[in-house]
Each structure stands twice: as structure tokens, then as C-alpha cells.
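Structural features, examined
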Amino acid sequence: MSVERVGTLPLASEQQVVASRQTVRALCQLLKLSLVEQTKMITAASELSRNTLIHGGGGRMRWEVLQAGPRMGLVLHFEDEGPGIADLKLAMTDGWTSGSGMGLGLPGSKRLVSDFEIDSAPGRGTRVSITQWK
């Protein structure tokens, strides 16, 4: 799979969630991340893609391959225009869930990556950015 260093993928169906994982795998391989780093990034991207679809009503994943001096990295942005998250602190608590899951999605994703940022409020959707540095 050939992948661009910057791009966008819609997240409006289960097939596009699968495509997001494939894209992230290809990007991780492009950066020559270790197998462990690849697995962590793909797992976080899978969870955040699914959240974008299920809780946000669909949206998009944008990505950028970064270079900061000798360091290379991958940043993924998950964006939706859904209902937003009323209580971010609660949503970032292990075990709390707004659905039927295990409540590990957002805090689990944060633990898997180098950098994690979230911005959400009721009525303005959710934006989550994750970065993995090599």
C-alpha cells in the first residue's frame, strides 16, 4: 500500500475504520517504527476511529508525517462534528463508558502514544490528536 505523507480519510463506515488501520500501519512502516510502536499506534488509531464513527456520527482522520531535526514522527487527528463530550475529565477516567464498552478507549489510547491531545465540548464535536515519535 502506497501512502502519502499528508492526507485525510473519511470515517463514515466500518470499512473506513478498517482502512484507517491499514493506512496507519503503512505510515508506521514508512517511518520504520518498531513492531511494538506500530502495534500501539494502530491500536490507538483503531479505537479513536471507532469512537469517531460511533460517538461522533462519523468524521475524518487526518495525518502528517513530521520531522523535527533528526526525529521523525506521525501525528493523527480524529475529528467529528458530533455531540461532543460533556465531561472530559470523566471521559478520561479508566472504566467510565458512555456506551457498552469497557471504558478503556480514550485513557487507553493516551497511554499507547507519545503525545495525546483532546478538545471537545457539547455541541461542537470532538478533536483528538495523537503522535508517535521514532
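Analysis parameters
Residues numbered from 1 in each chain as written. Predicted model: local features only at pLDDT ≥ 70, side-chain atom pairs only at ≥ 80, totals over all residues. Heavy atoms only, no water. Pairing = 2+ DSSP bridges. Helix = DSSP H or I, 4+ residues; strand = E, 2+ residues; numbered from the N terminus. Axes fitted to C-alpha atoms, helices over the stretch in contact; angles between N-to-C directions. Contact = heavy atoms within 4.5 Å.

1. Concerning the sheet that holds strand β2 (residues 59–68)
Across the sheet, five strands lie side by side as β1-β2-β3-β5-β4; this open sheet has antiparallel pairing. Looking along the sheet, the strands with just one partner apiece sit at the ends: β1 (6–11) and β4 (115–120). Between one strand axis and the next, the sheet turns by 15° as a mean value, whatever way the strands run. Of the strand pairs in this sheet, strand β3 (residues 71–80) and strand β5 (residues 126–133) are connected by eight bridges, and their pairing is antiparallel. Bridge pairing in β5 places F78 opposite V128. Those strands touched by helix α1 (residues 14–30) are β1, β2 and β3, and its axis lies near 160° from that of β1. Along the sheet, helix α4 (residues 105–112) makes contact with β4 and β5, crossing β4 at roughly 150°.

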